[in-house]
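# Structural features, examined
What follows is each chain in one-letter form.
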Amino acid sequence: MIRISSAGIQGLATFVARTPEVAAEAAKLAVGDAAEWGRNLSKREMASAVNLPADALAGRRFRISQRPTTQNPEAVISADNNPLGLSRFVVSQKDRGSAHPEVRILVGGATKSFSDPDTKGSYSFLIPTPGGADGVGLALRTKEPLRNSQAARKIGRDLYLLYGPSVNQMFGQLMPTIVPRVEAKLQTEFARQYERLIRG
């Protein structure tokens, strides 16, 4: 989560003392502009680093959950904590029943299969998404228990549904580089909006 507030605008108090209404409106608009810019930047950065499916950042998965008002000039960029199904990262044949599917999470990274066909110790395959939703899930049948694993959910005897990272995990990895750029954008946008409004 990234919180963007007018409190981060340098010298805002001076502008408010001179022209309170104009400064307040410029601050609200600047916060909103910086939030939109930050969300779009984050989407591009995630898509360039992670082999994301097209809908992974759609809707409530990655959004501006709070927009600024004059009374509360603050915006929040939020990301979903629910892990994405690992089937979303499958790069091999993606039909239901396909065995030993290969997964690639990082763009340009190596592919991985969770099957161990040589020893028959584990066997991965694609199944209809549990719960009746469209699509497929990546299942793993293994004799090795996957206890306390956040990347797997038991759905049957020796059978697990596998998960990848959440959008929030990916977003968190980017924050150290995204936040300073959003803060700089906030300053630029306030100066631009203030100049525009003061001119009428």
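Placed above this text is the structure.
What this report covers is the structure whose coordinates are included nearby. (Residues numbered from 1 in each chain as written. Predicted model: local features only at pLDDT ≥ 70, side-chain atom pairs only at ≥ 80, totals over all residues. Heavy atoms only, no water.)

### Digging into the packing of aromatic side chains
- What the rule picks out here adds up to five aromatic pairs.
- Centre to centre, the rings of phenylalanine 62 and phenylalanine 171 are 4.9 Å apart; their planes meet at 80°, and the pair counts as edge-to-face. With phenylalanine 62 in strand S2 (residues 62-66) and phenylalanine 171 in helix H3 (residues 167-199), this residue pair connects regions lying 109 residues apart in the sequence. Residue phenylalanine 62 shares its accessibility class with phenylalanine 171, and that shared class is buried.
- Residues phenylalanine 190 and tyrosine 194 carry aromatic rings whose centres are separated by 5.8 Å and whose planes lie at 35° to one another, so their mutual orientation is tilted. Within this pair, phenylalanine 190 and its partner tyrosine 194 are both found in helix H3, separated by four residues, close to a single helical turn. For the pair phenylalanine 190 and tyrosine 194, a shared accessibility class is recorded, and that class is buried.
- Pairwise contacts between aromatic rings join Phe15, Phe190 and Tyr194 into one cluster. (Phe/Tyr/Trp six-rings, centres within 6.5 Å; stacked < 30°, edge-to-face > 60°. Helix = DSSP H or I, 4+ residues; strand = E, 2+ residues; numbered from the N terminus. Buried < 20%, exposed > 50% of the residue type's maximum accessible area, 1.4 Å probe, protein only.)

### Observations concerning the packing of helix H2 (residues 20-49) against H3
- Running from N to C, H2 and H3 point in directions that differ by 145°, and their axes come no closer than 6 Å. Remark: the crossing between H2 and H3 carries right-handed chirality.
- Its residues assigned to classes, the contact of H2 with H3 shows 22 nonpolar, three polar and eight charged. (Axes fitted to C-alpha atoms, helices over the stretch in contact; angles between N-to-C directions. Left-handed = near helix turned anticlockwise from the far one by under 90°. Nonpolar A, V, L, I, M, F, W, Y, C, P; charged D, E, K, R; others polar.)

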